[in-house]
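# Inside the fold
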Amino acid sequence: VQLQASGGGLVQTGGSLRLSCAASGNIISINNMAWYRQAPGKQRELVATITSGGNPNYADSVKGRFTIARDNAKNTVYLQMNSLEPEDSAVYYCNALVRVSSISQRFYWGQGTQVTVSS
């Protein structure tokens, strides 16, 4: 199973970006999907999660600005980021809990995509 993230880039304060992460490979189904981020010198932190049924949860720091969504037919999770702030600058990683057999599921990580917000 591979997770391919895309959509990062450089944006000014107040701008928007949309991240995508597509899962491929030996996938029976995908349970929760999530976005994490890691800034230089800081621990990786959870940004948002979404269940297979589409229920989202957000870190307090991004509530009202970020929206997580998924397309189950495409095994893809999105993160719409609006009103970006310099503090949002980080490498963003997608994560998915994938069922790969009738008795096995495991977490997979994407490769990360850089988001830089200039002041």
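As a reminder, the structure under discussion sits directly above these lines.
Presented here is an overview of the structure given in this document. Computed from a prediction, not measured in an experiment: that's the story for all the values here.

### Considerations on the side chain of Arg65
Topologically, Arg65 is positioned in the loop between strand S6 (56–58) and strand S7 (66–71). A polar contact is formed between the side chain of Arg65 and the side chain of Asp88, at a distance of 2.7 Å. The residues contacting Arg65, other than those within four sequence positions of it, are Gln80, Met81, Asn82, Ser83, Leu84, Glu85 and Asp88.

### What to know about the pairing of strand S1 (residues 2–6)
Across the two faces of S1 the burial differs, with Leu3 and Ala5 buried and Gln2, Gln4 and Ser6 not buried at all. Alignment of S1 against strand S3 (residues 17–24), held across five bridges, turns out to be antiparallel. Bridging across to S3, Ser6 finds its partner in Ser20.

### Brief notes about the sheet that holds S7
Strand order across the open sheet formed by four strands is S1-S3-S8-S7, with antiparallel pairing between neighbours. Of all strands in the sheet, those bounded by a partner on one side alone are S1 and S7. For this sheet, the mean angle separating the axes of adjacent strands, direction not counted, is 15°. Looking at chain direction, S7 and strand S8 (residues 76–81) are connected through six bridges and run antiparallel. The residue bridging Asp71 from the neighbouring strand is Thr76, located in S8.

### Considerations on the pattern of salt bridges
Counted by the stated rule, this structure contains four salt bridges. With a closest N to O distance of 2.6 Å, Arg37 and Glu45 form a salt bridge. In this structure, Asp60 and Lys63 form a salt bridge, with 3.2 Å as the shortest nitrogen-oxygen distance. Through salt bridges with shared partners, a single ionic network connects Arg37, Glu45, Arg65 and Asp88.

Conventions adopted
Residues numbered from 1 in each chain as written. Predicted model: local features only at pLDDT ≥ 70, side-chain atom pairs only at ≥ 80, totals over all residues. Heavy atoms only, no water. Helix = DSSP H or I, 4+ residues; strand = E, 2+ residues; numbered from the N terminus. Polar contact = N/O pair within 3.5 Å; in protein donor to acceptor, adjacent residues only side chain to side chain. Contact = heavy atoms within 4.5 Å. Buried < 20%, exposed > 50% of the residue type's maximum accessible area, 1.4 Å probe, protein only. Pairing = 2+ DSSP bridges. Axes fitted to C-alpha atoms, helices over the stretch in contact; angles between N-to-C directions. Salt bridge = Lys/Arg side-chain N within 4 Å of Asp/Glu carboxyl O.

Read these as layout, nothing more, since geometry by itself doesn't imply function.
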